Amino acid sequence: MKLTDFKALTFDCYGTLIDWESGMIEALKPLTGRVGRGLGRDEILQAHARHESSQQNWTPQKRYCDLLAVVYKRLAEEWGVVATPEECIAYGQSVKDWPAFADTAAALQYLKKHYRLIILSNVDNTSFSFSNRKLGVDFDAIYTAEDIGSYKPSPRNFDYMLEKLATLGIGDKEVLHTAESLFHDHTVANRLGLASCWIHRRHADQGFGATMHPGDMPKVDFRFDSMADLAEAHREELRA
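Summary of the structure given here. Remember, it's a predicted structure, so these values are computed and weren't measured experimentally. (Residues numbered from 1 in each chain as written. Predicted model: local features only at pLDDT ≥ 70, side-chain atom pairs only at ≥ 80, totals over all residues. Heavy atoms only, no water.)

## Quick word on the packing of aromatic side chains
In this structure the tally under the stated criterion is six aromatic pairs. When the centroid spacing of 5.4 Å and the interplanar angle of 35 degrees are considered together, the rings of Tyr72 and Tyr91 count as tilted. With Tyr72 in helix H4 (residues 64-78) and Tyr91 in helix H5 (residues 85-92), this pair connects stretches of sequence that are 19 residues apart. Per residue, the accessibility class of Tyr72 equals that of Tyr91, and both read buried. In this structure, Lys164 is placed above the aromatic ring of Tyr160, and the distance from its NZ or CZ to the ring centre is 5.3 Å. The side chain of Arg201 reaches across the aromatic face of Phe101, ending 3.9 Å from its centre. (Phe/Tyr/Trp six-rings, centres within 6.5 Å; stacked < 30°, edge-to-face > 60°. Helix = DSSP H or I, 4+ residues; strand = E, 2+ residues; numbered from the N terminus. Buried < 20%, exposed > 50% of the residue type's maximum accessible area, 1.4 Å probe, protein only. Lys NZ or Arg CZ within 6 Å of the ring centre and 35° of its normal.)

## Notes on the pairing of strand E2 (residues 116-121)
Of all six residues in E2, five are buried; the element is thus mostly enclosed. In this sheet, E2 lies alongside strand E1 (residues 8-11) in parallel orientation, the contact comprising four bridges. Residue pairing across strands places Leu9 opposite Leu117, the latter belonging to E2. As paired elements, E2 and strand E3 (residues 141-144) share four bridges and run parallel to each other. Paired with Ile118 across the bridge in E3 is Ala141. As a crossover connection, the stretch from E2 through helix H7 (residues 125-132) into E3 is right-handed. (Pairing = 2+ DSSP bridges. Right-handed = clockwise from strand over helix to strand, strands pointing away.)

## A short note on empty space enclosed by the protein
Counting across every chain of the model gives one cavity of 30 Å³ or more. The wall of the largest cavity is formed by Asp12, Tyr14, Trp20, Glu52, Gln56, Tyr64, Ser121, Asn122, Lys152, Ser181, His184 and Asp185. Of all elements in the fold, only helix H3 (41-58) and helix H10 (182-192) reach the threshold of two or more residues within the lining of the largest cavity. When grouped by side-chain class, the residues that make up the lining of the largest cavity number three nonpolar, five polar and four charged. (1 Å grid on protein atoms, 1.4 Å probe; cavity = no way out; pocket = protein on both sides within 12 Å on 5 of 7 lines; lining within 4 Å. Points joined across faces, edges and corners; volume = space filled by probe spheres on them. Nonpolar A, V, L, I, M, F, W, Y, C, P; charged D, E, K, R; others polar.)

## Focus on the pattern of salt bridges
Two side chains of opposite charge can pair, provided their charged atoms sit close to one another. Summed over all chains, the structure comprises 18 salt bridges. Members of the salt-bridge network, linked through shared partners, are Asp12, Lys152 and Asp185. (Salt bridge = Lys/Arg side-chain N within 4 Å of Asp/Glu carboxyl O.)

## Looking at H4
Residue pairs three or four apart in sequence face the same way in an α-helix, which turns once every 3.6 residues. Taking 1.5 Å of rise per residue, the 15 residues of H4 would be expected to cover 21 Å, and the 21 Å separating its terminal C-alpha atoms lies within 8% of that figure. For H4, the elements touching its buried residues are helix H1 (20-27), helix H2 (29-32), H3, H5 and H7. Immediately beyond the C-terminal end of H4, within one or two residues, lies Gly80, with a positive phi of roughly 70 degrees. (Expected span 1.5 Å × (residues − 1). Contact = heavy atoms within 4.5 Å.)

## Let's talk about the sheet that holds strand E5 (residues 195-199)
Pairing is parallel in the open sheet, where six strands are placed in the order E3-E2-E1-E4-E5-E6. Taken across any chain shown, the strands that pair with only one partner, and hence form the sheet edges, are E3 and strand E6 (222-224). Sheet twist, expressed as the average angle between the axes of neighbouring strands with direction ignored, equals 20 degrees. As judged from the four bridges shared by E1 and strand E4 (residues 175-179), these two strands associate in the parallel manner. Pairing of Ala8 across the sheet is with Val175, part of E4. (Axes fitted to C-alpha atoms, helices over the stretch in contact; angles between N-to-C directions.)

## Let's talk about the packing of helix H6 (residues 104-111) against helix H11 (residues 227-239)
Two elements in contact, H6 and H11, have axes whose closest approach is 8 Å; the angle formed by their N-to-C orientations is 30 degrees. Looking at the two axes, H6 sits roughly parallel to H11. Crossing hand, H6 versus H11: left-handed. Residues Ala107, Leu108, Tyr110 and Leu111 of H6 pack against Met227, Ala228, Leu230, Ala231, His234, Arg235 and Leu238 of H11. Each residue belonging to the contact of H6 with H11 can be placed in one class, and the counts come to nine nonpolar, one polar and one charged. (Parallel < 35°, antiparallel > 145°, perpendicular 65-115°, else oblique. Left-handed = near helix turned anticlockwise from the far one by under 90°.)

## Some words on the packing of helix H9 (residues 155-167) against H10
Interhelical geometry of H9 versus H10 gives an angle of 65 degrees and a closest axis separation of 10 Å. Overall, the two elements H9 and H10 adopt an arrangement that is roughly perpendicular. Where H9 crosses over H10, the two elements pack in a sense that is right-handed. On H10, the residues touching Pro155, Phe158 and Asp159 of H9 are His184, Asp185, Val188, Arg191 and Leu192. Classifying every residue of the contact of H9 with H10 by side-chain character gives four nonpolar, one polar and three charged.

Right under this line is the structure:
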């Protein structure tokens, strides 16, 4: 299997293209700064992952920005801090401020010359519109949790994407699903028989950060530490 075998790259956005963990840590400072003990970065991210995943399970049709407001409230309760409704709403709207990884835009601009680029993201459309401005390309299709009415790792999201890609002339075997999260993305890609590329942004860190433990480690067909490494591997295939 080679990178050049595929017609489309389907991307998770947050954690893969956008540095959501740094964005979360910064936006949570009004809350974590009032907790009466020091909270480590991974402790914050792991608590966020637990509440986010639970809320996505209980309220799958809630927009991501509104869901994050509930996550903020649950974190405040867990850490024994009072949070105002205004603070919760502000956190939900903080997605627009989350930064792109430094290598994302250049890598996407290169890959756009060789692939159809697709987004499959656990986000609402308005929040993604702000992130999209930082990514530097026009995507061929954007499929969000708001569009679909459920959150990954529900197979519904992937089934929806594959159905819509068929209308663009893209078959399942022409898709390389590209993501950081083993929990949200690679486990489901395995079940559906999709080829997958792991962008292992957390390669220098322990644990799974802002995503849940995936259980049994899924199989991945390609693994890179960054989007820049993926783009360079594609260049090397073309030179070979």
